[in-house]
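One letter stands for each residue in the lines below.
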Amino acid sequence: DGDDRPVDASQEINEGDTGEPAMIDQYFGSMYTNAFLRHDGSFRVPISVPRPWHVVDSRATFVHGGIEHVTPPRWLNEVVVAHESDSRLKFVLVNTHYIANAFNGDMRPDLQDEWQAMKAAHKDRVLAQHQNQGRLVIWTADTNRPNYDTATGWQAERKAFGEGIDRLDWLPGNGDV
């Protein structure tokens, strides 16, 4: 119960399983802020932020509607977090889940417009936080594309790992964190 608790960015909440919000609340408890967990639309991609960090700003971006028997509506969530002992220390967390089967699985060209819409929104939000605020941006996503490169196309963007469809990347900021 120290200060080394991890950030958690989940996908697919309430997509077939039941009780996930209650389990997240129970597991993370009062030492976390569970952003978007009960948001009317973007609850499927919550971000859990541990103390000593706290959420100072948040944004849920609607990207595209659901497609019956294919996908729920897709959202991109972001939070700006600040350290409780020094509020000048800030960074951004972004979490999203791209539509499946556009570039993996069934490889359906009719779903590629939705995938590309998410890619454009993802790039826009990462760059908005980075360029406008100079903040470190950490993002996680189920990209549903095995050969996904970066959200921004910038050489400065780094990857924690580059295999599979899940990603954890970051774009360094101006040195505040």
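Relevant structure appears above.
Thresholds, definitions, all that
Residues numbered from 1 in each chain as written. Predicted model: local features only at pLDDT ≥ 70, side-chain atom pairs only at ≥ 80, totals over all residues. Heavy atoms only, no water. Buried < 20%, exposed > 50% of the residue type's maximum accessible area, 1.4 Å probe, protein only. Helix = DSSP H or I, 4+ residues; strand = E, 2+ residues; numbered from the N terminus. Pairing = 2+ DSSP bridges. Contact = heavy atoms within 4.5 Å. Axes fitted to C-alpha atoms, helices over the stretch in contact; angles between N-to-C directions. 1 Å grid on protein atoms, 1.4 Å probe; cavity = no way out; pocket = protein on both sides within 12 Å on 5 of 7 lines; lining within 4 Å. Points joined across faces, edges and corners; volume = space filled by probe spheres on them. Nonpolar A, V, L, I, M, F, W, Y, C, P; charged D, E, K, R; others polar. Expected span 1.5 Å × (residues − 1).

### Concerning the pairing of strand β5 (residues 74-83)
For step 1, the next point in the chain: Burial analysis of β5 places 10 of its 10 residues in the buried class, the great majority of the element.
For step 2, the next point in the chain: Note: strand β4 (residues 53-64) against β5, 10 bridges, orientation antiparallel. For His54, the partnering residue across the bridge sits in β5 and is Ala82.
For step 3, the next point in the chain: Relative to strand β6 (residues 86-97), β5 runs antiparallel, the two sharing eight bridges. When the bridges of β6 are listed, Val79 appears paired with Leu93.

### Brief notes about the sheet that holds strand β2 (residues 32-35)
For step 1, the next point in the chain: Here we have three strands laid out as an open sheet, ordered β1-β3-β2, and antiparallel in their pairing. Looking at which strands have only one partner, the edges of the open sheet turn out to be β1 (8-9) and β2.
For step 2, the next point in the chain: Sheet topology note: the β2/strand β3 (residues 47-50) ladder contains four bridges and is antiparallel. Paired with Ala35 across the bridge in β3 is Ile47.
For step 3, the next point in the chain: Its contacts with the sheet place helix α1 (residues 20-28) against β1, β2 and β3, and it is angled at close to 160° to β2.

### Some points on empty space enclosed by the protein
For step 1, the next point in the chain: Counted under the stated rule, the structure contains two cavities of 30 Å³ or more.
For step 2, the next point in the chain: The computed volume of the largest cavity comes to approximately 50 Å³.
For step 3, the next point in the chain: Every residue lining the largest cavity is listed: Glu15, Arg44, Val45, Pro72, Pro73, Arg74, Trp75 and His97.
For step 4, the next point in the chain: Here the lining of the largest cavity is composed, by residue class, of four nonpolar, one polar and three charged.

### Quick word on helix α2 (residues 112-133)
For step 1, the next point in the chain: Counted at 1.5 Å a residue, the expected span for α2 with its 22 residues is 32 Å, and the 31 Å between its end C-alpha atoms agrees.
For step 2, the next point in the chain: Within α2, burial applies to Glu114, Trp115, Met118, Lys119, Ala121, His122, Arg125, Val126, Leu127, Ala128, Gln129 and His130.
For step 3, the next point in the chain: Once α2 finishes, Gly134 follows within two positions and takes phi at roughly 70°, a positive value.

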